[in-house]
Amino acid sequence: MKTGYKVALYGTALAVIFGGTWAAGAATGPPETPPAHAEEASHGGTHDETQSKLPPGLSVSDNGYTLRLDENRSLAFQIEGPDGLPITKFAVEHEKRLHLIIVRRDGSNFQHVHPDMAPDGTWSIPLTLTQAGSYRVFADFKPEDGPKTTLGADIQVAGDYRPQNHINSSTFTVDGYEVSLTGELNAGKASTVTMEITKNGTKVTDLQNYLGAKGHLVALRASDLAYLHVHPEQGDQVKFAVEVPTAGKYRLFLDFQHDDVVRTAEFTLTTHGEGGHGH
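Since we're looking at a predicted model, the values are computed, not measured.

## Describing the sheet that holds strand S18 (residues 216-221)
Phase 1: An order of S18-S21-S22 is seen for the three strands of this open sheet, with the pairing classed as antiparallel. The sheet terminates laterally at S18 and strand S22 (261-270), the two strands that pair on one side only. Pairwise comparison of adjacent strand axes, ignoring direction, gives a mean angle of 20 degrees for this sheet.
Phase 2: One ladder, built from six bridges, connects S18 with strand S21 (residues 249-258); its direction is antiparallel. The partner of Arg221 across the bridge, within S21, is Tyr250.

## Some points on the pairing of S21
Phase 1: Of all ten residues in S21, nine are buried; the element is thus mostly enclosed.
Phase 2: Pairing analysis gives ten bridges linking S21 to S22, with the strands arranged antiparallel. Of the residues in S22, the one forming a bridge with Gln257 is Val262.
Phase 3: The hairpin formed by S21 and S22 contains two residues between the paired strands, and Asp259 there has a positive phi angle of roughly 55 degrees.

## As for the side chain of His112
Phase 1: Summarising the element assignment, His112 is placed in strand S8 (residues 111-113).
Phase 2: Looking at His112, its side chain comes within polar contact range of the side chain of His114, at 3.1 Å.
Phase 3: Within the structure, His112 has its side chain in polar contact with the side chain of Asp255 (distance 3.0 Å).
Phase 4: Residues in contact with His112, not counting those within four places in the same chain, are His99, Leu100, Ile101, Leu211, His216 and Asp255.

Calculation criteria
- Residues numbered from 1 in each chain as written.
- Predicted model: local features only at pLDDT ≥ 70, side-chain atom pairs only at ≥ 80, totals over all residues.
- Heavy atoms only, no water.
- Pairing = 2+ DSSP bridges.
- Helix = DSSP H or I, 4+ residues; strand = E, 2+ residues; numbered from the N terminus.
- Axes fitted to C-alpha atoms, helices over the stretch in contact; angles between N-to-C directions.
- Buried < 20%, exposed > 50% of the residue type's maximum accessible area, 1.4 Å probe, protein only.
- Polar contact = N/O pair within 3.5 Å; in protein donor to acceptor, adjacent residues only side chain to side chain.
- Contact = heavy atoms within 4.5 Å.

The quantities given are spatial measurements derived from coordinates; they are silent on function.
In structure tokens form, the structure reads like this:
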């Protein structure tokens, strides 16, 4: 990644239950550096260029640019380029110019939303966080004249924080749909995972396209919420290639659309040979 972008967040009225507030967090994930070869595969760099790089989304700052959040606000932000001016031209990826991911640090309360952008480059979206804890916010985007970039920062929601421990699971039920995942995660290379969706015991064969595919998958490393590379594969099946840089536990979130409603299934997998793989 040769250039960077600054994401400055500010705005108007965030509703948070518990009567608490959320505050800007400058924290990054634990200083865990993946093997250099994993980053070379992801970014195409040389050994020297990538040896010290973290996976996407772990840093509040990257390449000299910073993501900033204000307190007691609804989520609004601008992405500033190297010249300090807001960027207004973004490449369309998965049918959107920017993807915003919010998830609590324990891997719970996942949200995948798409803010609207004003002509001056200000993105905004209402956001309600209903459970206390530390949340990671990811901005995933690609300027028309720049590299694909993911930046992340933490926000804090006051209250009685009750973290969840996610055990390995490759099935999930939501609104009467049962989603099953097959496949293994293997550290250091792309692994294929396939999703099958049934309702009332019958396979759903008429999924609607969502974000240009039969589904959209986000994968996060559980230990630090590193934001991983996921690519949909062609064909009639709901299938993805997931690039896992290190051994350990991962959280996967599948968004799929049926009967004009988008639903999310979530899974917990551990890399093959590291305490099981979630089946």
